[in-house]
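Here's the letter readout for the chains.
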Amino acid sequence: MSEEHDFDVAIVGAGPAGCAAALVLARAGIEVVVLERGQYPGAKNVSGAALYGPVLNDIIPEYWEDKESFERHLTTKKITMLSEARSMTIDVDLRDFNQTPYNGVTVQRPKFDRWLAEKAEEAGAMILPDSMVEDFVWEDKQIVGIKSGDEILRAKLVIIAEGANRILTEKAKLAKQPHARHYAVAMKETYELPKKQIEERFHLTGTEGISNEILGHSRGVPGGGFFYTNENTLSFGLILNAKSLTEKKLKATEVLEDFKNHSYIRKLLKDAKMIEYSAHMIPEGGFKHLTKLYGNGVIVVGDAAGMVLNAGLYIEGINFALESGRIAGEAAKKILESNDYTKKSTKIYKNLLKESFAYKDLKQFKRAAKFLETERIFNHYPELINGLFYRLLKNNGKPREKITRAAIKHILKRAKLLGAIKDVFGGLNSL
Amino acid sequence: MSDAKKIMTIEEKLDLTKITTDHNHEHITINPAICKEKCTTHDCVYGCPADCYKFTEGEDAEGPVSYDYIACLECGVCRVVCPHGSVDWNNPKGGFGVEYKHS
């Protein structure tokens, strides 16, 4: 390897993963540069978005003291099942989540990513926006720098934090052509609603907030809706598995409008004014479809590596990005110390990552991705459960059935039994 | 709940999103010859969240599907769903393309 270099470490992408890595490195006095293709960090990024307070607190202690860092802290979680004209919601109110570091907080990525990048900058990292990395510089099968436009920037180690579109990860020979089954298309709409109205509608005080996952009414496409309250905006969107969507010949944009037209969603968004439409891709292949995590002169973090978990109740993206980025920073320190940048040395990143909650969760829920491809979960069961409540609550002038008997009859009549048994065991096994 | 709001079209929704178009460089291109010869499913038309892919009409169309990069949200779904490798997918050059404020 050539001795000349411009930086110790070059990071591609100033999202949560790239910024977390940059922070760790800059704090250790290492020369680190972050190249961001957007006009500013977060300009290209979309999330629901919520993240775990303790994970952020590990990176920026007492982050909540900085008003810029988050929108609202989550105290209410709702899980809703929709079917035509019906809905059922589980509403969990956890006011003990009012304690800092807060269990979860909502963020807007253009604000949050920029804030995090500023923290990295304050620590001594160089952040370069408007910088699109097209390729790498190779020497003896080892990555020794990056190419951006006419410029070449040499670094001892490159950290790829490019996000869901893992173009460079493929160029680094750490991943192959992606498959539609392992990706979801996420569409998001941001709405403006005065703070006071948000707080009245959802019974919130101070910076309290709610998150709502919404299953069903997505024309049978595996996926689901999300809804979060921010300070004076609402985040709403729909996630759809790309393969199932196209196989059913359904247009993503039309499924979204259909979904939005459900009375439950209309009520959530009533009187709110849409101020932005955005879309992004989510890798949801889980543990089995992680990319190779390291190579000669290079490591991969966050969405680029496929570090996203979709296990129904737990949907982790930013958390894993922050965690894998932080660990990449720690690993890079050790790699620099060893002065060996071959994969024998960069492997330490994977070894450290294996000890993290992110990797362990991905491994633990490795069957979840496959299980959640089951279309029955997104179509049949929300209908089944709403139908059961209809049967129990509807007055038809006759004496009431015994609740248990009505439930058993309803389920026997409606459930595709073999499938249901398979799903129960599949669910128990994978979730 | 009586407010039967008018559904916004995708064009109206995209008007809310700031996009700086690079008029000198189409970051994504498709190969109409491949589309014409191999494609029967047109997955790009269904997957794209900005409706950038449209069915073409008329005999003299180059391929079954046309693509316009102007409203592209850079999500990458078209590359992933195309089974024939017809989508040459690249990010826009630094400073161009979508610029989210709230997402």
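Keep in mind that what you see is a predicted model, and the values were worked out from it rather than measured.

S.K.: How should the overall build of chain A be read in this particular structure?
M.R.: When you go through chain A residue by residue, the secondary structure sums to 16 helices and 19 strands. Expressed as lengths along the three principal axes of its C-alpha atoms, the size of chain A is roughly 85 × 50 × 35 Å. Buried positions account for 59% of the 431 residues belonging to chain A. Residue pairs at least 24 apart in sequence account for 73% of intrachain contacts in chain A once pairs closer than 6 positions are excluded. With 63 positive and 56 negative side-chain charges, chain A shows a separation of 12 Å between the mean positions of the two kinds.

S.K.: Honestly, the overall build of chain B in this entry has me stumped. Any pointers?
M.R.: Helix and strand counts for chain B come out as four helices and six strands. The order of helices and strands in chain B, counted from the N terminus, is α-β-β-α-α-β-β-α-β-β. Viewed in the frame of its principal axes, chain B has a C-alpha envelope of about 50 × 40 × 25 Å. Counting the 103 residues in chain B, one finds 50% classified as buried. Relative to all contacts within chain B whose residues are 6 or more apart in sequence, the contacts with residues 24 or more apart total 68%. Accessible surface, chain B: about 5,200 Å² in total, of which carbon and sulfur atoms supply 51%. Charge centroids of chain B, computed over 10 positive and 17 negative side chains, lie 6 Å from each other.

S.K.: Sorry, what's going on with the packing of helix 1 (residues 16-27) of chain A against helix 9 (residues 318-338) of chain A here?
M.R.: In helix packing, the relevant descriptors are the interaxial angle and the interaxial distance, both defined with respect to the helix axes. Residue and element names in this part refer to chain A. Closest axis-to-axis distance for the helix 1/helix 9 pair is 7 Å, and the angle between their directions is 35°. Crossing hand, helix 1 versus helix 9: right-handed. Of the residues in helix 9, those in contact with Pro 16, Ala 17, Ala 20, Ala 21, Val 24 and Leu 25 of helix 1 are Ile 318, Ala 321, Leu 322, Gly 325, Arg 326, Gly 329, Glu 330, Ala 332 and Lys 333.

S.K.: Whenever I open this one, the nonpolar core confuses me. Can you help?
M.R.: Most often, soluble globular proteins keep nonpolar side chains buried together rather than apart. Within the largest apolar cluster, 83 residues are counted, with the highest numbers of intra-cluster contacts made by Val 9, Ile 11, Tyr 63, Ile 159, Ile 160 and Tyr 349 of chain A. The element contributing the most residues to this core is helix 9 of chain A, with ten residues. Among the nonpolar cores identified, the runner-up in size contains 63 residues, and Ala 164, Ile 210 and Leu 269 of chain A together with Trp 89 of chain B belong to it.

S.K.: Is there a simple way to think about the pairing of strand 15 (residues 273-283) of chain A in this case?
M.R.: The two faces of the sheet receive side chains in turn, since in a regular strand these alternate between them. Residue and element names in this part refer to chain A. Most of strand 15 sits out of view: nine of its eleven residues are buried. Alignment of strand 11 (residues 183-192) against strand 15, held across ten bridges, turns out to be antiparallel. Bridging across to strand 15, Val 185 finds its partner in Met 281.

S.K.: So what exactly am I meant to see when it comes to the pattern of salt bridges here?
M.R.: When the charged atoms of two side chains with opposite charge come close together, those side chains can pair. Counting across every chain of the model gives 32 salt bridges over all chains. One salt bridge connects Glu 208 of chain A with Arg 95 of chain A, and the closest N-O pair in it is separated by 2.5 Å. Of this pair, Glu 208 of chain A sits in strand 12 (residues 208-215) while Arg 95 of chain A sits in the loop between strand 5 (86-93) and strand 6 (104-106), and the two are 113 residues apart along the sequence. For Glu 208 of chain A, a relative accessible area of 6% corresponds to the buried category. When its relative accessible area of 33% is taken as the criterion, Arg 95 of chain A is described as partly exposed. Connected via shared salt-bridge partners are Glu 189, Glu 257 and Lys 260 of chain A together with Lys 13 of chain B.

What counts, and at which threshold
- Residues numbered from 1 in each chain as written.
- Chains lettered and ligands numbered in written order.
- Predicted model: local features only at pLDDT ≥ 70, side-chain atom pairs only at ≥ 80, totals over all residues.
- Heavy atoms only, no water.
- Helix = DSSP H or I, 4+ residues; strand = E, 2+ residues; numbered from the N terminus.
- Buried < 20%, exposed > 50% of the residue type's maximum accessible area, 1.4 Å probe, protein only.
- Contact = heavy atoms within 4.5 Å.
- Lys, Arg positive; Asp, Glu negative; His and termini not counted.
- Charge placed at Lys NZ, Arg CZ, Asp CG, Glu CD.
- Areas by Shrake-Rupley, 256 points an atom, 1.4 Å probe, with all protein chains shown as cover.
- Axes fitted to C-alpha atoms, helices over the stretch in contact; angles between N-to-C directions.
- Left-handed = near helix turned anticlockwise from the far one by under 90°.
- Core = buried A, V, L, I, M, F, W, Y, C linked by side-chain atoms within 4.5 Å.
- Pairing = 2+ DSSP bridges.
- Salt bridge = Lys/Arg side-chain N within 4 Å of Asp/Glu carboxyl O.

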